[in-house]
Amino acid sequence: MNYFESQRGHDMCNLLFKLLRELNEFLENEPERKPRNPNIPLELQLRLDVQKTMLGTTGDYSSRILSVIEDDVVADVMECSSYATDRTWSDGDITLAIGRVLCNRLGITF
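Note that this is a predicted model, so its numbers are computed, not measured.

### A look at the nonpolar core
(1) Moving on: Core analysis: the biggest nonpolar cluster contains 20 residues, and Leu-46, Val-50, Val-73, Val-77, Ile-94, Ile-98 and Leu-102 have the highest contact counts within it.
(2) Moving on: Listing elements by their share of this core, those giving two or more residues are α1 (7–29), α2 (42–58), α3 (62–80) and α5 (91–106).
(3) Moving on: Looking at this core, the element that brings in the most residues is α5, giving six residues.
(4) Moving on: With sequence-adjacent residues up to four places away left out, Ile-98 is seen in contact with Leu-20, Thr-53, Met-54 and Val-73.

### Some words on the packing of α2 against α5
(1) Moving on: The interhelical angle for the contact between α2 and α5, taken along N-to-C directions, is 70 degrees, at an axis separation of 10 Å. Relative to α5, α2 is oriented roughly perpendicular. When the axes of α2 and α5 are compared, the crossing they make is right-handed. Contact with α2, carried on its side by Leu-46, Asp-49, Val-50, Thr-53 and Met-54, involves Asp-91, Ile-94, Thr-95 and Ile-98 of α5 and no other residues of that element.
(2) Moving on: Taken together, the residues of the contact of α2 with α5 sort by class into five nonpolar, two polar and two charged.

### Focus on the side chain of Ser-81
(1) Moving on: Mapped onto the fold, Ser-81 is located in the loop between α3 and α4 (83–86).
(2) Moving on: A relative accessible area of 15% places Ser-81 in the buried class.
(3) Moving on: Looking at Ser-81, its side chain comes within polar contact range of the main-chain oxygen of Val-77, at 2.5 Å.
(4) Moving on: Of note is the side chain of Ser-81, whose polar atom sits 3.1 Å from the backbone nitrogen of Tyr-83.
(5) Moving on: Ignoring any residue separated from it by four or fewer positions in sequence, one finds Ser-81 in contact with Asp-76, Thr-88, Trp-89 and Asp-93.

### Quick word on the packing of aromatic side chains
(1) Moving on: Tallied over the full model, the rule gives one aromatic pair.
(2) Moving on: Seen from their ring centres, Tyr-83 and Trp-89 are 5.8 Å apart, and the 35 degrees between their planes marks the pair as tilted. The pair formed by Tyr-83 and Trp-89 is uniform in burial state, with each residue classed as buried.
(3) Moving on: Just above the ring of Tyr-83 sits the side chain of Arg-87; from NZ or CZ to the centre is 4.8 Å.

### As for the packing of α2 against α3
(1) Moving on: At their nearest, the axes of α2 and α3 sit 10 Å apart, and the two run at 130 degrees to each other. As the angle between them shows, α2 and α3 are arranged oblique. The interaxial crossing formed by α2 with α3 has right-handed handedness. Seen from α2, the contacting residues are Glu-43, Leu-46, Arg-47, Val-50, Gln-51, Met-54, Leu-55 and Thr-58; seen from α3, they are Ser-62, Ile-65, Leu-66, Ile-69, Glu-70, Asp-71, Val-73, Val-74, Val-77 and Met-78.

### Brief notes about the pattern of salt bridges
(1) Moving on: Counted by the stated rule, this structure contains five salt bridges.
(2) Moving on: Where Arg-47 meets Glu-70, a salt bridge forms, and the shortest distance between an N and an O atom there is 3.5 Å. Of this pair, Arg-47 sits in helix α2 while Glu-70 is found in helix α3, placing the two residues 23 residues apart along the sequence.

About the criteria used
Residues numbered from 1 in each chain as written. Predicted model: local features only at pLDDT ≥ 70, side-chain atom pairs only at ≥ 80, totals over all residues. Heavy atoms only, no water. Core = buried A, V, L, I, M, F, W, Y, C linked by side-chain atoms within 4.5 Å. Buried < 20%, exposed > 50% of the residue type's maximum accessible area, 1.4 Å probe, protein only. Helix = DSSP H or I, 4+ residues; strand = E, 2+ residues; numbered from the N terminus. Contact = heavy atoms within 4.5 Å. Axes fitted to C-alpha atoms, helices over the stretch in contact; angles between N-to-C directions. Parallel < 35°, antiparallel > 145°, perpendicular 65-115°, else oblique. Left-handed = near helix turned anticlockwise from the far one by under 90°. Nonpolar A, V, L, I, M, F, W, Y, C, P; charged D, E, K, R; others polar. Polar contact = N/O pair within 3.5 Å; in protein donor to acceptor, adjacent residues only side chain to side chain. Phe/Tyr/Trp six-rings, centres within 6.5 Å; stacked < 30°, edge-to-face > 60°. Lys NZ or Arg CZ within 6 Å of the ring centre and 35° of its normal. Salt bridge = Lys/Arg side-chain N within 4 Å of Asp/Glu carboxyl O.

Shown next, in the form of structure tokens:
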């Protein structure tokens, strides 16, 4: 049995998804983000936003989790947000991408 099949792993996943849902609800009600810094490359700004969001949800574990999923989260945001058309994304796009990547990694299907 792997960790995620145990009760403790299941409880941890439920808590993580609950926190991501709460953060997404909060961010959807947040006013629009300030304009992005034009001196920072767009993908770097996206990565910084992903890191900030993860830090807010997973605290001390964010760097360890990000080392595994960051590239997939960034790719998901680029694919599923307005990044391709108008080079923008929201914090909600990031939380949804984190949830999709974690579900994929954990074998959770919809």
